[in-house]
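Below are the chains, spelled out letter by letter.
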Amino acid sequence: MTRRRVSVFGATGSIGGNTLDLIGRAPDSYDVIALSGGRNVALLADLARRHNAQIAVTAYDDCLPALRDHLAGSGIDCAAGAGAIVAAAERPADWVMSAIVGAAGLAPGMAALKQGATLALANKESLVTAGTLLMETAKRHGAIVLPVDSEHSAVFQALIGEDIATVERIVITASGGAFRDWPLADLARATPAQASSHPNWDMGQRITIDSASMFNKALELIETHEFFGIAPERIEPLIHPESMIHAMVGFVDGGIMAHVGPPDMRHAIGFALHWPERRALPVERLDFAALGQFTFRAPDEARYPALRLAREVMQAGGLSGAVFNGAKERALDAFIDGDLGFLEMAPVVEETLTAMAGDALLSGQMTLDTVAETDHLARVRAGEAIRARQSKRQD
Ligand code: NDP
Ligand code: MG
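Everything numeric here is computed off the predicted structure, so don't read it as measured data.

Caption draft 1: View of the nonpolar core. Membership of the largest hydrophobic core comes to 125 residues, with the highest contact counts inside it found for I23, L35, M97, F324, F342 and M345. Those residues in contact with L35, other than ones at most four positions away along the chain, are V8, A11, L20, L44, L47, A48, A53, I55, A56 and V57.

Encoded structure:
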């Protein structure tokens, strides 16, 4: 069997760890080219040694000396900075996992596509900020993008052998996150620690908080629209507290294909790793009789304004996704730092979208530069909105 060259960006994170868990189970099948991480350089070096990577890259220049120390004597190259991550993504590879969190994941993913690699895309922010650009780049370079977000992997699998023109609706399920059963009145006082524990999924802190606010689901609605080209009004969020059905695709004949599986990301990651084949994966097998029932409820859009904002962003199109994501990331930073209340994140994002709606930048072309510029501006504007709220509180 020929060995496949693989790279994992965001290797020290939750998705990165699960990806390397699968790769490590069949070490004779893969050559690990590049691994990237952020501040957790001890783990990055450990992973690079364990998987015999060619190069390990940290996102931060000030972390390079520590990374170099941890790799001493290993013969593994090391580098630092966003540019070095892109350079690592340019190293020839057959399969690349995009699992950096946030807009920083876009440029490495684009670089991987440009060299024709198959891109396993966990980084939903790539599709939200630059969906058209990403999909067109893949097409131009004959590269394949495989969704790794569980809902989108589910839709992808339900569509195998189907004609996309026969799709009537796509239902994207949501667990409801940490606060699904909290009274609305208590949400204003919710702390980052409370928002950081998920009822069903074990994920990175940022996506876990985004699950509680439904910003994660909002990003996923946009992701569905960008990846599958389905009209916004045909994409429905649905609360399903058990997190066993990941998505459902409804066809014109009234039939619905639901994808069911345990909440373990190694299913979606493994599907993308082995695609177009299906291979055995180390995930739990479901016992339906023991589970007893699946339940559903409609999401309350008053409780989750992020869902309404996502619809507005899909209607506006273009660079508005980059505004939405940049403002959301800035608001999330402020919530984590204790500078913004849980319920204030959505208003800050909405104020940023409104403030930037007429900006000439947004009617321009979508390139990596204009996406980065829009992202930066959105963070600045959101920062202003956050400060305005802080000074109002102090009055
Ligand atoms: P984690 O927070 O667990 O990991 C994020 C990774 O990105 C880490 O390797 C981190 O490094 C690195 N990183 C952080 N900031 C930067 C930066 N500025 N530049 C480069 N690298 C950086 O996140 P998850 O694994 O949970 O999520 C990764 C992506 O996958 C996100 O886009 C998320 O939405 C998506 N996703 C995640 C799911 C999950 O189950 N976790 C499910 C579906 C989608 P370090 O920790 O060393 O600082
Ligand atoms: Mg998801």
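Caption draft 2: Fine view of the sheet that holds strand β9 (residues 235–239). Taken together, the four strands give an open sheet; going across it, the order is β9-β8-β10-β11, and neighbouring strands pair in mixed fashion. The outermost strands of the open sheet, each flanked by one partner alone, are β9 and β11 (256–260). Strand-to-strand twist across the sheet, computed as the mean angle between neighbouring axes with direction ignored, equals 20°. Sheet topology places strand β8 (residues 167–174) next to strand β10 (residues 245–251); five bridges connect them, and they run antiparallel. Pairing of I172 across the sheet is with A247, part of β10.

Caption draft 3: How the structure looks around the packing of aromatic side chains. Counting across every chain of the model gives nine aromatic pairs. Summarising the aromatic geometry, the rings of F156 and W275 are spaced 6.3 Å apart at their centres and angled 70° between planes, so their arrangement reads as edge-to-face. Placement of the pair is F156 in helix α7 (residues 150–158) and W275 in the loop between α12 (265–274) and α13 (288–291), with a sequence separation of 119 residues. The partly exposed category is assigned to W275, whose relative accessible area is 27%. In this structure an aromatic cluster arises from ring pairing among F156, F227, F228, F271 and W275. The cationic tip of R39 hangs over the ring face of Y60; the distance from NZ or CZ to the ring centre is 4.1 Å.

Caption draft 4: Fine view of the sheet that holds strand β5 (residues 95–98). If you walk across this open sheet you meet the seven strands as β4-β3-β2-β1-β5-β6-β7, and the pairing is parallel. Two strands in the sheet have a free side with no partner beyond their single neighbour: β4 (77–80) and β7 (145–147). Neighbour-to-neighbour, the strand axes of this sheet turn through a mean angle of 20°, independent of strand direction. Examined bridge by bridge, strand β1 (residues 4–9) and β5 share four bridges and lie parallel to one another. Note on β5: the bridge partner recorded for V8 is M97.

Caption draft 5: Examining a nonpolar patch on the surface more closely. Together, V260, F288 and L291 make up a nonpolar patch on the protein surface, roughly 240 Å² of accessible area in all. Residue placement: F288 occurs in helix α13.

Caption draft 6: Seen up close, the coordination of the magnesium ion (ligand 2). Taken together, the protein ligands of the magnesium ion (ligand 2) are D149 (OD), E151 (OE) and E220 (OE), with distances of 2.1 to 2.2 Å. Coordination of the magnesium ion (ligand 2) draws on donor residues from a single chain, spaced D-x1-E-x68-E in sequence. One end of the pair, E151, is in helix α7; the other, E220, is in helix α11 (residues 215–228), with 69 residues separating them in the sequence. Note on E151: relative accessible area 7%, which makes it buried.

Caption draft 7: How the structure looks around the packing of helix α15 (residues 320–336) against helix α16 (residues 345–356). Two numbers describe how α15 lies on α16: the axes approach to 9 Å, and their chain directions differ by 145°. Read as a crossing pair, α15 and α16 show a hand that is right-handed. Here S320, V323, F324, A327, K328, A331, L332 and F335 of α15 lie close against α16, whose contacting residues are M345, V348, V349, T352, L353 and M356. For the contact of α15 with α16, the residue count by class is eleven nonpolar, two polar and one charged.

Thresholds, definitions, all that
Residues numbered from 1 in each chain as written. Chains lettered and ligands numbered in written order. Predicted model: local features only at pLDDT ≥ 70, side-chain atom pairs only at ≥ 80, totals over all residues. Heavy atoms only, no water. Core = buried A, V, L, I, M, F, W, Y, C linked by side-chain atoms within 4.5 Å. Buried < 20%, exposed > 50% of the residue type's maximum accessible area, 1.4 Å probe, protein only. Contact = heavy atoms within 4.5 Å. Pairing = 2+ DSSP bridges. Helix = DSSP H or I, 4+ residues; strand = E, 2+ residues; numbered from the N terminus. Axes fitted to C-alpha atoms, helices over the stretch in contact; angles between N-to-C directions. Phe/Tyr/Trp six-rings, centres within 6.5 Å; stacked < 30°, edge-to-face > 60°. Lys NZ or Arg CZ within 6 Å of the ring centre and 35° of its normal. Patch = residues over 30% accessible without salt bridge, like charges linked within 9 Å, V, L, I, M, F, W, Y side chains within 5 Å. Areas by Shrake-Rupley, 256 points an atom, 1.4 Å probe, with all protein chains shown as cover. Salt bridge = Lys/Arg side-chain N within 4 Å of Asp/Glu carboxyl O. Donors = N, O, S within 2.8 Å, 3.2 Å for Na, K, Ca; no water. Left-handed = near helix turned anticlockwise from the far one by under 90°. Nonpolar A, V, L, I, M, F, W, Y, C, P; charged D, E, K, R; others polar.

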